[in-house]
Amino acid sequence: MRGPKPITNEERNKVRSYLLAQLAEVESEQLELRLVSDSAFVEEFDTVVDELIDDYLTGELSEAERQSAESHFLVAEERQEKLAVARAIRSLVQKNRKDRSQGVTTNSLKRIPVYMWVTAVVLFAVLGVAAIWMITRPRATQTVALNLNITASDRGTATKPERITIDSNVGELRLSLRLPENEVKSSSYRVVLVNTDGTTRNIPVERVNNQFVVVNVETSTLTSGTYALQVSAIDENMHERRLNGSYLFELVKS
Amino acid sequence: MLAWFDPDRAVAAKTYDTIRTGLLRIFVSNRCKDPGELADETFERLAKRLEGISSTYEGDPAKYCYGIARNLIHEDRKRREIPDGIFSEPPIDLISQDDVYECLLECLEFLTFDKQKLILDYHLYQGKARIDHHRQMATELSISEDDLRTRAHHIRVNLEKCILLCMSTTAVNNNRAGTKTNY
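Anyway, here's the lowdown on the structure attached to this text. Here the structure is a predicted model, which means the values were calculated and not measured. (Residues numbered from 1 in each chain as written. Chains lettered and ligands numbered in written order. Predicted model: local features only at pLDDT ≥ 70, side-chain atom pairs only at ≥ 80, totals over all residues. Heavy atoms only, no water.)

### With respect to the overall build of chain B
Along the backbone of chain B there are eight helices and zero strands. Along its sequence from the N terminus, chain B presents helices and strands in the succession α-α-α-α-α-α-α-α. Burial status across chain B gives 43% buried among its 183 residues. Counting every atom, chain B has about 10200 Å² of accessible surface; 52% of that belongs to carbon and sulfur. (Helix = DSSP H or I, 4+ residues; strand = E, 2+ residues; numbered from the N terminus. Buried < 20%, exposed > 50% of the residue type's maximum accessible area, 1.4 Å probe, protein only. Areas by Shrake-Rupley, 256 points an atom, 1.4 Å probe, with all protein chains shown as cover.)

### Some details on the overall build of chain A
Looking only at helices and strands, chain A features seven helices and 10 strands. Taking contacts inside chain A between residues at least 6 apart in sequence as the whole, the part at least 24 apart equals 69%. About 13700 Å² of surface is accessible on chain A, with carbon and sulfur atoms providing 51% of the total. (Contact = heavy atoms within 4.5 Å.)

### Concerning the sheet that holds strand β7 (residues 212-218) of chain A
Working definition: the strands of a sheet are paired by backbone hydrogen bonds and lie parallel or antiparallel to each other. Residue and element names in this part refer to chain A. The sheet built from four strands is open, its strands ordered β1-β3-β7-β6 with mixed pairing. The open sheet has two edge strands with one neighbour each: β1 (142-148) and β6 (205-208). Sheet twist, expressed as the average angle between the axes of neighbouring strands with direction ignored, equals 20°. Both β6 and β7 contribute to a ladder of three bridges, which runs antiparallel. The residue of β7 that forms the bridge with R207 is V214. (Pairing = 2+ DSSP bridges. Axes fitted to C-alpha atoms, helices over the stretch in contact; angles between N-to-C directions.)

### Thoughts on the layout of surface pockets
Gaps left between atoms are located by rolling a probe of water-molecule size over the structure's atoms. Put simply, the second largest pocket is a space of about 600 Å³. Breaking the lining of the second largest pocket down by element, the ones donating at least two residues are α3 (39-57) and α5 (77-102) of chain A together with α2 (9-29), α3 (35-53) and α8 (145-176) of chain B. Considering every element that reaches the lining of the second largest pocket, the biggest residue donor is α8(B), with six residues. (1 Å grid on protein atoms, 1.4 Å probe; cavity = no way out; pocket = protein on both sides within 12 Å on 5 of 7 lines; lining within 4 Å. Points joined across faces, edges and corners; volume = space filled by probe spheres on them.)

### What about helix α5 (residues 97-108) of chain B?
With 12 residues, α5(B) extends 16 Å from end C-alpha to end C-alpha; this agrees with the ideal 16 Å at 1.5 Å per step. Buried residues of α5(B): B:V100, B:Y101, B:C103, B:L104, B:L105, B:C107 and B:L108, and no others. (Expected span 1.5 Å × (residues − 1).)

### A few points about the environment of B:L165
Residue and element names in this part refer to chain B. Along the polypeptide, L165 turns up in helix α8. We classify L165 as exposed; its relative accessible area is 58%. Along the sequence, L165 and C103 sit 62 residues apart, while their C-alpha atoms lie 8.9 Å from each other.

### Observations concerning the packing of α3(A) against α5(A)
Residues and elements named next belong to chain A. Contact pair α3 / α5: the axes reach a minimum separation of 10 Å and the direction vectors enclose 60°. With respect to α5, the axis of α3 lies oblique. Note that α3 runs across α5; the crossing there is right-handed. Counted together, F45, V49, D50, I53, D54, Y56 and L57 of α3 and R79, K82, L83, A86, R87 and R90 of α5 form the full contact between these two elements. (Parallel < 35°, antiparallel > 145°, perpendicular 65-115°, else oblique. Left-handed = near helix turned anticlockwise from the far one by under 90°.)

### Examining the nonpolar core
Counting residues in hydrophobic clusters, the biggest one holds 45 residues, and the most contacted among them are A:L19, A:F73, B:F27 and B:L46. The contact partners of B:F27, leaving out residues within four places of it in the chain, are B:C32, B:P35, B:L38, B:A39, B:T42, B:A69, B:L72 and B:I73. Counting residues in hydrophobic clusters, the runner-up holds 33 residues, among them A:A84, A:A88, B:Y101 and B:I143. (Core = buried A, V, L, I, M, F, W, Y, C linked by side-chain atoms within 4.5 Å.)

### Details of the state of the cysteines
Residue and element names in this part refer to chain B. Across all of its chains, the model carries two disulfides over all chains by this definition. The disulfide partner of C103 is C166, and the gap between their sulfur atoms is 2.0 Å. With the S-S bond torsion at -80°, the cross-link from C103 to C166 turns out left-handed. Of this pair, C103 sits in helix α5 while C166 sits in helix α8, and the two are 63 residues apart along the sequence. Exposure class is identical for C103 and C166. Each is buried. (Disulfide = S-S within 2.5 Å.)

### Overview of the interface of chain B and chain A
When the parts of a complex come together, some accessible area is lost, and that lost area is often taken as the interface size. Contact residues are listed per partner, giving 57 residues for chain B and 66 residues for chain A. Between chain B and chain A, the buried area comes to about 5800 Å², and carbon and sulfur atoms account for 58% of it. Considering only the surface of chain B that becomes buried against chain A, B:Q126, B:H153 and B:R156 emerge as the three largest contributors, covering 11% of it. At the junction of chain B and chain A, the tally comes to eight salt bridges. A:D50 is the partner of B:R156 in a salt bridge, and the nearest nitrogen-oxygen pair spans 3.7 Å. Counting every contact that joins chain B to chain A gives 19 residue pairs in polar contact (both at pLDDT 80 or more). Secondary structure elements with two or more residues in the side of chain B that touches chain A: α2, α4 (61-79), α5, α6 (113-122), α7 (127-141) and α8 of chain B. Classifying every residue of the side of chain B that touches chain A by side-chain character gives 26 nonpolar, 16 polar and 15 charged. (Buried area = accessible area lost by both parts, 1.4 Å probe. Salt bridge = Lys/Arg side-chain N within 4 Å of Asp/Glu carboxyl O. Polar contact = N/O pair within 3.5 Å; in protein donor to acceptor, adjacent residues only side chain to side chain. Nonpolar A, V, L, I, M, F, W, Y, C, P; charged D, E, K, R; others polar.)

In structure tokens:
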């Protein structure tokens, strides 16, 4: 189903200013008039309300915006309710993240309904059969493990990347990214793979300890070339801090 | 009143709905005490004046309703003695965050797995990482970032409705048990 026609960024900024009581009276009246005559605009307006609440919760507002939010935007009971819900969602996400990094089953998973568990069991059975087929079929899927050290430079600069030569039997790279010794350790990290063409994607973190962040990368998603992995530490307040430098490797597929 | 909005009843009903929805946003954004009541009052005043204006007024009905709404906002401020541009302090601790959290867990059960995943993933990061992550999610779902935002919004609205319902049930149960609630 298609959503409503999106509004421009300029219009979104105007809505944001209106919500923070920072829009001129004439423009405020134009905006309010649109609210009573354009239902698609109302929906976009509501998404800006959501965003502003999120920005308030994550501390992404300037001091002036924060003050306006507290003295104007968040005063109404409806907004207080929305704020409370957004805060609960953030708490749950944060808790899930923490639990996941500690290998604990999350509360929300415990509350998944029975029919979903049944579906999951059936799915696991199917996956089990598929896994047996995958293992027994005549195809080698080796994993190559490698430790990488952080380098100050990014991909494509003077530092020589670690070379990994693989053949078609290798299905996966297990990359252990050694954390810098002086780095303040975190329980959670985000890893981004910078592809040969400069595009990026998140790589799921398999394991974290005091020394390494371990990720697995399927070789089918890679071509020969030089890659960079960028690591960000995430603290308990969900603030991200990128580690200086990158983990470089050059993949050669023979 | 509906006939004044549009001769076609279905179109008129939609117009009424659009105006009312917009009025609620306006009253909330102007920190009015009871937005629902003020929206009703807007239409009541319109109904009273309709006889006099229906044959002469040629503009957009929504614009006329908006004019009434602006008057109501000024009256509401005067009644509460809040001058224009002077803001009151926000209410504190009106809502028990623990109750909201418990209700969120219950309400998530009503969502499909895909929707649960989407809403929790959507709120995973903040700052620049959030923008990158939303872009990646949109790509994985083969939808635009605007559509992703709208999808997340719809799920959130449904969660809000469910949580409010759950909270009111909790409040009733607590009252029955004789315990103090935050409502």
